Amino acid sequence: MHTIYPIKFIQKDSCRDNTDHLYSIIYTFFSNETKLKYVLRAEYFTTDTFAIKFYAKRHKRLSDRYRRLVNLGDVRNILLTAGQLVPLLLKENPTASFAIAATSSFDPVVYALEPRSENQRYRVYSTLIERFFGTETFKHFTYKEISCYLLINKGNEDLFIKLNEIEDSFKNTYNDLLNIED
């Protein structure tokens, strides 16, 4: 059995960095199992695409906050809670697409960074995404070499034109996106 935690809207934050990233919608939620608060970010791009990111709030001041492991369990419930942003955001943006990058984990206990290609987070994320989002609304694209997953909304006229637009936008925004050396 799984639990989807209630999310709380915090703010909409404009982005002024001259990239295709226009704004972020920020939410929080609390995991009953880990006893931690998490921050969920839905970063909106000019391509009508949201990149969904999350981290434990206790890591918010760390530059590698998305890499940090909590190691307290509840992974499935946390991911399902983050996934509830998709139908919520689709209500306001019915043709939106979604991207999830599975950042390589950094384990401070052993001071090790996981390889970028098909990392552990990617394997977990992709399994849940395939199971819970299906193919009715989205065409699924995987980028195993950089551990990214893209859901292209089938409401777009030409899915492959949209795919190229999103890829170009992300390459322009995330300079090291295709730099697969860690």
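What counts and what doesn't
Residues numbered from 1 in each chain as written. Predicted model: local features only at pLDDT ≥ 70, side-chain atom pairs only at ≥ 80, totals over all residues. Heavy atoms only, no water. Helix = DSSP H or I, 4+ residues; strand = E, 2+ residues; numbered from the N terminus. Buried < 20%, exposed > 50% of the residue type's maximum accessible area, 1.4 Å probe, protein only. Contact = heavy atoms within 4.5 Å. Areas by Shrake-Rupley, 256 points an atom, 1.4 Å probe, with all protein chains shown as cover. Disulfide = S-S within 2.5 Å. Core = buried A, V, L, I, M, F, W, Y, C linked by side-chain atoms within 4.5 Å. Pairing = 2+ DSSP bridges. Axes fitted to C-alpha atoms, helices over the stretch in contact; angles between N-to-C directions. Arc of directions from axis to C-beta.

Q: Quick rundown of the overall build of the protein? Include the residues and the values.
A: Scanning the protein from terminus to terminus reveals four helices and nine strands. In the protein, the succession of helices and strands from N to C terminus is β-β-β-β-α-α-β-β-β-α-β-β-α. C-alpha atoms of the protein, sized along the principal axes, occupy 45 × 35 × 35 Å. Sorting the 182 residues of the protein into buried and exposed places 45% on the buried side. By sequence separation, contacts in the protein at least 24 residues apart represent 52% of the contacts at least 6 residues apart. Carbon together with sulfur atoms contributes 50% to the accessible area of the protein, which is approximately 10300 Å² in total.

Q: So, the state of the cysteines: which residues are in play, and what are the values?
A: What the rule picks out here adds up to zero disulfides. Looking at cysteine 15, it has no disulfide partner, and the nearest cysteine sulfur is the one in cysteine 148, 18 Å off.

Q: Quick one: what's the story with the environment of leucine 72, residue by residue and with numbers?
A: In this fold, leucine 72 is placed in the loop between strand 4 (49-56) and helix 1 (75-83). Sequence separation of leucine 72 and threonine 127 is 55 residues, and the distance between their C-alpha atoms is 21 Å. Not counting chain neighbours up to four residues away, the residues in contact with leucine 72 comprise Glu33, Thr34 and Leu36.

Q: Account for the nonpolar core, with residues named and values stated.
A: In terms of nonpolar packing, the biggest core is built from 32 residues, with Ile25, Tyr38, Leu40, Phe50, Leu85, Leu89 and Phe98 touching the most fellow members. If you list the elements that add at least two residues to this core, you get strand 2 (21-31), strand 3 (36-45), strand 4, helix 1, helix 2 (85-92), strand 5 (97-101), helix 3 (120-133) and strand 9 (148-153). For phenylalanine 98, the contacting residues outside a window of four places in its chain are Thr49, Phe50, Ile52, Val86, Leu89, Leu90, Phe138, Tyr149, Leu150 and Leu151.

Q: Describe the sheet that holds strand 1 (residues 8-14), with residues and values.
A: Reading across from one edge, 1-2-3-4-5-9-8 is the order of the seven strands in this open sheet, with mixed pairing throughout. Each edge of the sheet is formed by a strand with only one pairing partner; in this case those strands are strand 1 and strand 8 (138-143). Averaged over all pairs of adjacent strands, the angle between their axes in this sheet comes to 20 degrees, without regard to strand direction. Lying on the sheet, helix 3 is in contact with strand 4, strand 5, strand 8 and strand 9; it crosses strand 9 at an angle near 20 degrees. Most of the contacts of helix 4 (residues 159-173) go to strand 9, to which it runs at about 135 degrees, and overall it touches strand 2, strand 3, strand 4, strand 5, strand 8 and strand 9.

Q: Help me get a handle on helix 2, residues and values and all.
A: Considered for burial, the residues of helix 2 that qualify are Leu85, Val86, Leu89 and Leu90. Seen along its axis, helix 2 keeps its buried residues to an arc of 130 degrees; they face one direction.

Q: I'd like to hear about the pairing of strand 4, residue by residue, with values.
A: The buried count for strand 4 comes to six of eight residues, which makes it a mostly enclosed element. Two strands pair when backbone bridges link them, and strand 3 and strand 4 are joined in this way by eight bridges, in the antiparallel orientation. Bridge pairing links glutamate 43 to alanine 51 in strand 4. Between strand 3 and strand 4, which pair antiparallel one after the other, the connecting turn spans three residues, and aspartate 48 there sits at a positive phi close to 60 degrees.

Q: Describe in detail the side chain of serine 147, supporting the description with residues and values.
A: Within the element layout of this structure, serine 147 appears in the loop between strand 8 and strand 9. The exposure class of serine 147 is buried, given its relative accessible area of 0%. Once residues within four sequence positions are removed from consideration, serine 147 is found in contact with Ile100, Ala101, Ala102, Arg116, Ser117, Glu118, Asn119 and Tyr122.

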